[in-house]
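Given next are the chains, with one letter for each unit.
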Amino acid sequence: MSERIAFIGGGNMASAIIGGLIKQGVSPQDIDVVEPSEEARQQLSSSFGITAQAQANPSLATASLVVWAIKPQAFKDAAVAAGPFTGNALHLSVAAGIPTDSMAAWLGTQRVVRAMPNTPALIGKGISGLFARAGASAEDRAQVERVMASTGEFLWLDTEDKLDVVTALSGSGPAYVFYFMEAMTMAGTEMGLSREQAEHLAVATFAGASDLAQTSADSPQVLRQRVTSKGGTTFAAISSMEDNDVRALFIDAMYAARERAKKLGAEFGAA
Ligand SMILES: NC(=O)c1ccc[n+]([C@@H]2O[C@H](COP(=O)([O-])OP(=O)(O)OC[C@H]3O[C@@H](n4cnc5c(N)ncnc54)[C@H](O)[C@@H]3O)[C@@H](O)[C@H]2O)c1
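All of these numbers come straight from a predicted model, not from anything done at the bench. (Residues numbered from 1 in each chain as written. Predicted model: local features only at pLDDT ≥ 70, side-chain atom pairs only at ≥ 80, totals over all residues. Heavy atoms only, no water.)

### A closer look at the UniProt feature "binding site: NADP(+)" (unreviewed entry) in the protein chain
Then, in step 1: The UniProt feature table records "binding site: NADP(+)" (unreviewed entry) at Ile8, Gly9, Gly10, Gly11, Asn12, Met13, Ala69, Ile70, Lys71 and Pro72. Spatially, the listed residues are clustered: although they cover 65 residues, their C-alpha atoms lie within 14.3 Å of one another. When the annotated set is filtered for residues lining the second largest pocket, what remains is Ile8, Gly9, Gly10, Gly11, Asn12, Met13, Ala69, Ile70, Lys71 and Pro72.
Then, in step 2: For Gly10, the position within the fold is in the loop between β1 (5–8) and α1 (12–23).
Then, in step 3: Owing to a relative accessible area of 3%, Gly10 belongs among the buried residues under this scheme.
Then, in step 4: The contact partners of Gly10, leaving out residues within four places of it in the chain, are Ser15, Val33, Val34, Glu35, Ala40 and Leu44.
Then, in step 5: Mapped onto the elements of the fold, Pro72 is located in helix α3 (residues 72–82). (UniProt positions renumbered as here; feature names shortened; annotations may be inferred. 1 Å grid on protein atoms, 1.4 Å probe; cavity = no way out; pocket = protein on both sides within 12 Å on 5 of 7 lines; lining within 4 Å. Helix = DSSP H or I, 4+ residues; strand = E, 2+ residues; numbered from the N terminus. Buried < 20%, exposed > 50% of the residue type's maximum accessible area, 1.4 Å probe, protein only. Contact = heavy atoms within 4.5 Å.)

### Details of the UniProt feature "domain: Pyrroline-5-carboxylate reductase catalytic N-terminal" (unreviewed entry) in the protein chain
Then, in step 1: When the UniProt feature table is mapped onto this chain, "domain: Pyrroline-5-carboxylate reductase catalytic N-terminal" (unreviewed entry) is found at residues 4–82.
Then, in step 2: Helix makes up 43% of residues 4–82 and strand 15%, whereas the separation of the span's terminal C-alpha atoms amounts to 16 Å.

### Re the site of the ligand
Then, in step 1: Near the ligand you find 21 residues, and of these Asn12, Met13, Glu35, Ile70 and Ala96 are the closest.
Then, in step 2: In this structure, an oxygen atom belonging to the ligand sits 2.6 Å away from a main-chain N or O atom of Ile70.
Then, in step 3: Burial of the ligand by the protein amounts to 77% of the accessible area it has alone, namely 820 Å².
Then, in step 4: Most atoms of the ligand, that is more than half of them, are within 2 Å of grid points of the second largest pocket.
Then, in step 5: Elements that contribute at least two residues to the shell around the ligand include exactly α1 and α3.
Then, in step 6: By residue number, the principal contributor to the shell around the ligand is α3, which donates 3 residues.
Then, in step 7: Considered class by class, the residues forming the shell around the ligand number 14 nonpolar, 5 polar and 2 charged. (Near = heavy atom within 4 Å. Polar contact = N/O pair within 3.5 Å; in protein donor to acceptor, adjacent residues only side chain to side chain. Areas by Shrake-Rupley, 256 points an atom, 1.4 Å probe, with all protein chains shown as cover. Sits in = over half its atoms within 2 Å of the grid points. Nonpolar A, V, L, I, M, F, W, Y, C, P; charged D, E, K, R; others polar.)

### Focus: the pattern of salt bridges
Then, in step 1: Applying the stated criterion across every chain yields a total of 13 salt bridges.
Then, in step 2: One salt bridge connects Glu139 with Arg146, and the closest N-O pair in it is separated by 3.2 Å.
Then, in step 3: Between Asp158 and Lys162 there is a salt bridge, with its nearest N and O atoms 2.7 Å apart.
Then, in step 4: Assessed through its relative accessible area of 57%, Asp158 is described here as exposed. (Salt bridge = Lys/Arg side-chain N within 4 Å of Asp/Glu carboxyl O.)

### Quick notes on the pairing of β1
Then, in step 1: The alternating pattern of β1 places Ile5 and Phe7 on one face and Ala6 and Ile8 on the opposite face, and all of these are buried.
Then, in step 2: Judged from the 4 bridges that link them, β1 and strand β2 (residues 31–34) form a sheet pairing that is parallel. Looking at the pairing, Ala6 lines up with Asp32 of β2.
Then, in step 3: Handedness of the crossover joining β1 and β2 through α1 is recorded here as right-handed. (Pairing = 2+ DSSP bridges. Right-handed = clockwise from strand over helix to strand, strands pointing away.)

### Here's the deal with a nonpolar patch on the surface
Then, in step 1: On the surface, Tyr179, Phe180, Met184 and Phe250 cluster together into a nonpolar patch covering about 390 Å² of accessible area.
Then, in step 2: With 3 residues, helix α7 (residues 173–190) is the largest single contributor of residues to the nonpolar patch.
Then, in step 3: Take Met184: it is sitting in helix α7. (Patch = residues over 30% accessible without salt bridge, like charges linked within 9 Å, V, L, I, M, F, W, Y side chains within 5 Å.)

### Focus: the environment of Ala253
Then, in step 1: Following the sequence through the fold, Ala253 ends up in helix α11 (residues 246–268).
Then, in step 2: Sequence separation between Ala253 and Glu153 is 100 residues; the distance between their C-alpha atoms is 25 Å.

### What to know about the packing of aromatic side chains
Then, in step 1: Counted according to the given criterion, the structure contains 5 aromatic pairs.
Then, in step 2: Between Tyr176 and Phe250 the ring centres are 5.5 Å apart and the planes differ by 85°, which places this aromatic pair in the edge-to-face class. Highlighted residues: Tyr176 in helix α7 and Phe250 in helix α11, separated in sequence by 74 residues.
Then, in step 3: Accessibility expressed as a relative area gives 32% for Phe250, which makes it partly exposed.
Then, in step 4: For the ring pair Tyr179 and Phe180, a centre distance of 6.3 Å and an interplane angle of 90° mean the geometry is edge-to-face.
Then, in step 5: Three or more aromatic residues joined by ring pairs form one cluster here, namely Tyr176, Tyr179, Phe180 and Phe250. (Phe/Tyr/Trp six-rings, centres within 6.5 Å; stacked < 30°, edge-to-face > 60°.)

Rendered as structure tokens:
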């Protein structure tokens, strides 16, 4: 990968991808970042030795790939500011909701791909959903794969609307896991463990159960049933959750996330 890559936005998600690229051997000198926040620019400098630009400028024209890692709310203004400098680049957006139709209109190109990563990308253990517009070539898709592989796994989607489902599932998903860790820690502490002990047990339980689910030939449902002795402690806990509709409420929450992704697209993606 000797091409220059430009990032518009240098926050959490850009840093996760940049970190992965540098680990893969990409030189920080081949990475440009446009980042208006002084604090974020300093972070990029201390973490990666990258001198980010406060504003889009003609140097962006040398990038063969432009990665859009800004909030949906800021996308259109940033596209209007940076678009004129991005020449014939391929564009890859990680923003929730913003449709490729809008990006193609704002940027004047059909070479547009969207990715929905998640924060385990920071340690190379992310998973991303990818969608390519018809105007993106096989080589464009391969370039996106090389970049996203540095953050973990990826899978291609055949329709763009499925990206909103991926956003609700794996994009937002780490927060659901941390939420359950928080609740388990809170309960363990209430029941007499120290906070450190409870958090250690909760985090290690998710790590172990995730590894088991990934390496086992059995489904999560079968693995759950194996923990749940009839009339035992897990049975009491799962019955309490089922009686309180936790599963249905959790599914509702994911629909709310997907709705929000659609609304962000409609509100901030209007071309
Ligand atoms: N954080 C996640 O878990 C996650 C997961 C998947 C996708 N995303 C998507 O990634 C995008 C970025 O999220 P994040 O978590 O990195 O946010 P962030 O706030 O950490 O980073 C966004 C950065 O963009 C900068 N910015 C604002 N206006 C700009 C402009 N006009 N030009 C250039 N930079 C500008 C901000 O200063 C900020 O540093 C969002 O669209 C989000 O939907 C985030």
